[in-house]
Amino acid sequence: MSAEPSRILIVDDDEAARYVKRRLLQAQGYTVSEASLGRDAVVLAAAEEPHLALLDVKLPDVSGIEVCREIKSRYPQIIVLQTSAAFTGVADRTRALDGGADSYLVEPIEPDELIATVNALLRMRDAEQQAGRITRNLEQLVDERTHELAEANRHLADEIADRRQAEAALWHTQKLDLIGQLTGGIAHDFNNLLMVISGNLELLHEAFDGGAKLPPAEIRQLLGNAEAATEHAAKITQQLLAFARRSTLTEETVCFTDLLADSEGFLRRAAGEAIEFSCACGSGLWHCRVDPVQLEAAVLNLVVNARDAMPRGGKLNIEVINVSLDRTSNEVERGAPIGDYVKIVVSDTGEGMSPDVIERVFEPFFTTKEVGKGSGLGLSQVYGFVKQSGGHILIDSKPGKGTMLSVYLPRSVPLTEPSANADPDPRHAARGSETVLIVDDNEDVREVTAVIVRSLGYEVLTAGDAAEALALLHSPRGIDLLMSDIVMSGGINGFELAKRVHVLSPGLPILLISGYPADRGIEADEFPILRKPYRREQLARYIRAALGDPVVLS
Ligand SMILES: Nc1ncnc2c1ncn2[C@@H]1O[C@H](COP(=O)(O)OP(=O)(O)OP(=O)(O)O)[C@@H](O)[C@H]1O
Ligand SMILES: [Mg+2]
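Residues numbered from 1 in each chain as written. Chains lettered and ligands numbered in written order. Predicted model: local features only at pLDDT ≥ 70, side-chain atom pairs only at ≥ 80, totals over all residues.

1. Here we look at the domain arrangement of the protein
Where interface size is given, it is often the accessible area lost as the parts come together that is meant.
1) Next: Taken domain by domain, the protein holds domain 1 (7–109), domain 2 (252–412) and domain 3 (426–546).
2) Next: For domain 1 and domain 2, the distance between their C-alpha centroids amounts to 101 Å. (Domains from an automatic or database assignment.)

Quick look at the structure:
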């Protein structure tokens with residue numbers, strides 16, 4: 001109950017009855033006002049807004065039921081307790097309740113009953129008001145929370161958008177960093193090599209220009225230096241191409257048992273004496289279709305890395321086994337496709353790698369080694385080769401706990417055995433006297449190639465593009481071999497030229513040359529392809545092979 005006493009309006013035309021009711025209610029602490037007419041009751045209800053109206057049904061001017069309806073329609077919060085004489089029928093009482101009365105008492109009313117009813121109705125009113133307040137509070141709370149949630153959602157959406165933007169910016173920066181690192185690395189390595197080449201050539205120039213007589217041994221030394229630098233540069237481009245998965249992989253069916261038996265000694269020497277080297281080959285190893293040279297290079301890179309991780313010695317183990325990966329395999333969970341593989345594991349007891357290093361090891365030029373100790377291309381080559389061969393690679397390593405690098409190469413069904421009719425001594429095939437048509441759109445390269453081919457004893461014709469070459473094909477001198485660069489300007493590339501020549505002169509041998517042989521549409525099997533940069537001796541063998549001599553090309 002509120003601190004202020006409840007106000008009660010008594011409406012009754014019987015003065016004595018009003019008096020009794022007033023005394024009773026006042027004795028209970030209520031504030032009481034009175035009306036004897038229906039109209040006055042409505043006016044008082046408006047003026048005083050009582051908490052409860054004790055309303056007699058029979059009034060002289062208007063029916064109590066009408067008064068009740070009026071009060072309830074205007075002030076629904078006022079509780080109306082209708083009273084009537086005992087002779088009032090049930091129908092009247094029902095009408096009174098229909099008119100909005102909250103309760104009904106029949107005269108004569110026992111004082112206790114009246115007080116109990118009034119008290120109960122007022123308690124009910126209080127409880128209702130309290131419930132109303134709670135509901136309103138709750139509604140307000142729900143509104144506030146809903147608003148807060150909507151705000152939080154808006155904030156979250158803004159934050160997600162900001163984060164996405166930041167991530168995109170970070171990714172962009174990282175990508176630029178990586179490209180910067182890559183181009184910087186290439187520029188650095190090539191600059192050094194160009195230094196060596198140009199320095200040695202300059203010395204030779206000076207020697208010849210000044211007429212100085214350099215002893216042949218010194219000349220050979222200068223040439224040797226320049227050649228070594230060229231070879232190193234060629235190795236770097238091969239590794240970069242391997243990483244870019246653009247190497248020309250000369251796929252062969254590789255038998256690991258033979259391959260490892262051949263290279264074990266060499267790998268053991270590469271590991272060095274300070275390291276305990278072991279090599280375990282499972283029995284009945286499957287075959288794989290991979291480039292054996294790249295495979296050897298990859299294993300060597302892994303062995304060298306393991307050796308470098310154990311400067312004070314340790315254990316290095318190479319294990320080769322067959323594995324079948326299915327949906328339940330741990331490797332498949334880590335990203336390896338389901339399938340049959342030959343798995344090569346190179347493990348060491350060296351310094352291991354932190355997660356940050358593991359994340360970056362395949363990036364070209366990423367190295368933790370001192371300047372001059374590592375180029376950061378080793379694992380890039382391994383990665384590129386393995387991916388290009390359809391395989392997978394996994395690293396397990398922890399700082400101080402050693403490293404285990406697992407390479408998975410897909411199993412292949414062995415095709416035919418390697419041909420046995422190759423000449424065991426490739427040097428027999430090196431020279432010739434046939435006529436070779438050299439096609440290259442780069443004049444310098446064309447000239448160098450012509451000089452080399454002539455030095456091998458051949459007659460040489462040259463053409464700067466496919467059109468010129470096609471015209472020369474009908475030359476009266478007769479051409480025995482077409483040797484063309486693949487990537488050429490002028491509309492028709494070397495591969496298309498080769499196809500046309502193959503149709504025009506079906507028997508004419510063709511040899512294609514390329515430094516970037518991953519162009520679409522080149523089916524490596526159709527024509528032999530020699531990879532740039534090549535050595536003179538290698539070119540000599542390819543020419544003989546193209547001319548039909550049995551020659552070992554690898
Ligand atoms: N077995 C290993 N144990 C510990 N760290 C390794 C191992 N293998 C590779 N790493 C880390 O990965 C880095 C990159 O290796 P990667 O072979 O690509 O380049 P590199 O060995 O530094 O140089 P390069 O092989 O070109 O001479 C290494 O510098 C080294 O930090
Ligand atoms: Mg390395």
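2. Some remarks on the sheet that holds strand β16 (residues 510–514)
1) Next: Taken together, the five strands give an open sheet; going across it, the order is β14-β13-β15-β16-β17, and neighbouring strands pair in parallel fashion. Across the chains shown, the open sheet's two edge strands, defined by having one partner strand only, are β14 (459–463) and β17 (529–531). Mean inter-strand twist for the sheet, computed between neighbouring axes without regard to direction, equals 20 degrees.
2) Next: Bridge analysis of strand β13 (residues 435–439) against strand β15 (residues 481–485) gives four bridges, and the strand direction is parallel. Residue Val 436 lies in a different strand from β15, and its bridge partner there is Leu 481. (Pairing = 2+ DSSP bridges. Helix = DSSP H or I, 4+ residues; strand = E, 2+ residues; numbered from the N terminus. Axes fitted to C-alpha atoms, helices over the stretch in contact; angles between N-to-C directions.)

3. Quick notes on the packing of helix α2 (residues 38–48) against helix α3 (residues 64–74)
1) Next: Look at α2 against α3: their axes get within 10 Å of each other, and the N-to-C directions meet at 20 degrees. Taken together, α2 and α3 sit at an angle that is classed as roughly parallel. Where α2 crosses over α3, the two elements pack in a sense that is right-handed. Contact residues: Gly 38, Ala 41, Val 42 and Ala 45 in α2; Gly 64, Glu 66, Val 67, Glu 70 and Ile 71 in α3.
2) Next: Per-class residue counts for the contact of α2 with α3 are five nonpolar, two polar and two charged. (Parallel < 35°, antiparallel > 145°, perpendicular 65-115°, else oblique. Left-handed = near helix turned anticlockwise from the far one by under 90°. Contact = placed C-beta atoms within 7 Å. Nonpolar A, V, L, I, M, F, W, Y, C, P; charged D, E, K, R; others polar.)

4. Some remarks on the site of ligand 1
1) Next: Looking at ligand 1, there are 23 residues lining it, with Asn 305, Ala 309, Thr 367, Gly 374 and Gly 378 nearest.
2) Next: Residues of the shell around ligand 1, tallied by class, amount to eight nonpolar, twelve polar and three charged. (Near = placed C-beta within 6 Å.)

5. So, the nonpolar core
1) Next: Ala 298, Leu 302, Val 303, Val 342, Val 382 and Val 407 are the most contacted members of the largest nonpolar core, which has 43 residues in total.
2) Next: For this core, the elements supplying multiple residues, two or more each, are α6 (216–243), α7 (256–271), β8 (287–290), α8 (292–308), β9 (314–325), β10 (339–348), α11 (378–388) and β12 (403–412).
3) Next: Tallying contributions element by element places α8 first for this core, with six residues.
4) Next: Non-local contacts of Ala 298, meaning those with residues more than four positions away in its chain, are made with Gln 381, Val 382, Phe 385, Val 386 and Val 407. (Core = buried A, V, L, I, M, F, W, Y, C linked by C-beta atoms within 7 Å. Buried ≥ 20, exposed ≤ 12 C-beta atoms within 10 Å, placed from the backbone.)

6. So, the pairing of strand β4 (residues 79–84)
1) Next: Of all the six residues making up β4, six are buried; the element is thus mostly covered by neighbouring parts of the structure.
2) Next: Where burial is concerned, the two faces of β4 agree: the one with Ile 79, Leu 81 and Thr 83 and the one with Val 80, Gln 82 and Ser 84 are both buried.
3) Next: Handedness of the crossover joining strand β3 (residues 52–56) and β4 through α3 is recorded here as right-handed. (Right-handed = clockwise from strand over helix to strand, strands pointing away.)

7. Let's talk about the sheet that holds β4
1) Next: Read across the open sheet, the five strands follow the order β2-β1-β3-β4-β5; overall the sheet is parallel. Strands with a single pairing partner mark the edges of an open sheet, and in this sheet they are β2 (31–35) and β5 (103–106). Direction aside, the axes of adjacent strands within the sheet are offset by 20 degrees on average.
2) Next: Two strands pair when backbone bridges link them, and strand β1 (residues 7–11) and β2 are joined in this way by five bridges, in the parallel orientation. From the neighbouring strand, Ile 8 faces β2, where its bridge partner is Val 32.
3) Next: Sitting on the sheet, helix α1 (residues 15–27) touches β1, β2 and β3, and the angle it makes with β2 is about 165 degrees.

8. Some points on helix α15 (residues 536–546)
1) Next: Among all positions of α15, only Ala 540, Arg 541, Tyr 542, Ile 543, Arg 544, Ala 545 and Ala 546 are buried.
2) Next: Structurally, α15 contributes buried residues whose contacts are with β13, β15, β16 and β17.
3) Next: The first or second residue beyond α15 is Gly 548, which carries a positive phi of 105 degrees.

9. A look at the packing of helix α13 (residues 466–473) against helix α14 (residues 494–504)
1) Next: Orientation of α13 relative to α14, taken along the N-to-C sense of each, is 20 degrees, at an axis distance of 11 Å. Judged on the interaxial angle alone, α14 and α13 are roughly parallel. Here the hand of the crossing between α13 and α14 comes out right-handed. On the side of α13, the interface is formed by Ala 466, Ala 469, Leu 470 and Leu 473, while α14 contributes Leu 497, Arg 500, Val 501 and Leu 504.
2) Next: Split by residue class, the contact of α13 with α14 holds seven nonpolar, no polar and one charged.

10. Concerning α3
1) Next: All buried positions along α3 are accounted for by Gly 64, Ile 65, Val 67, Cys 68 and Ile 71. The buried residues of α3 all sit within an arc of 155 degrees when viewed along its axis, so they share a single face. Turned more than 90 degrees off the buried face of α3, the exposed positions are Ser 73 and Arg 74. (Arc of directions from axis to C-beta.)

11. Side note on the confidence of the model for the protein
1) Next: In the predicted model, the protein carries a mean pLDDT of 85, and the fraction of residues at 70 or more is 90%.
2) Next: Here residues 414–429 is modelled with pLDDT under 50, and outside its nearest four sequence neighbours on either side it reaches 19 contacts, counting other chains as well. (pLDDT = per-residue confidence, 0-100.)

12. Brief notes about unusual backbone geometry
1) Next: Here the bond from Glu 107 into Pro 108 is cis, since omega is -10 degrees, no more than 30 degrees from zero.
2) Next: Considering the arrangement of structural elements, one finds Pro 108 in the loop between β5 and α5 (111–209).
3) Next: You will see that Glu 49, though not glycine, has its phi angle at about 40 degrees, which is positive.
4) Next: Note on placement: Glu 49 falls in the loop between α2 and β3.
5) Next: A count of 12 C-beta atoms within 10 Å places Glu 49 in the exposed class.

13. Re the environment of Ala 96
1) Next: Mapped onto the elements of the fold, Ala 96 is located in helix α4 (residues 90–98).
2) Next: Judged by the 24 C-beta atoms lying within 10 Å of it, Ala 96 is buried.
3) Next: Taking C-alpha positions, Ala 96 is 16 Å from Leu 52, a pair spaced 44 residues apart along the chain.
4) Next: In this structure Ala 96 touches Val 57, Ile 65, Cys 68, Gln 82, Ala 101 and Tyr 104, once residues within four positions along its chain are discounted.

14. Some points on the environment of Asp 102
1) Next: With respect to the helices and strands, the residue Asp 102 is situated in the loop between α4 and β5.
2) Next: Classification of Asp 102 as partly exposed rests on a count of 18 C-beta atoms within 10 Å.
3) Next: Sequence separation of Asp 102 and Lys 373 is 271 residues, and the distance between their C-alpha atoms is 99 Å.
4) Next: Discounting residues that sit within four places of it in the chain, Asp 102 has contacts with Ile 79, Val 80, Leu 81 and Leu 121.

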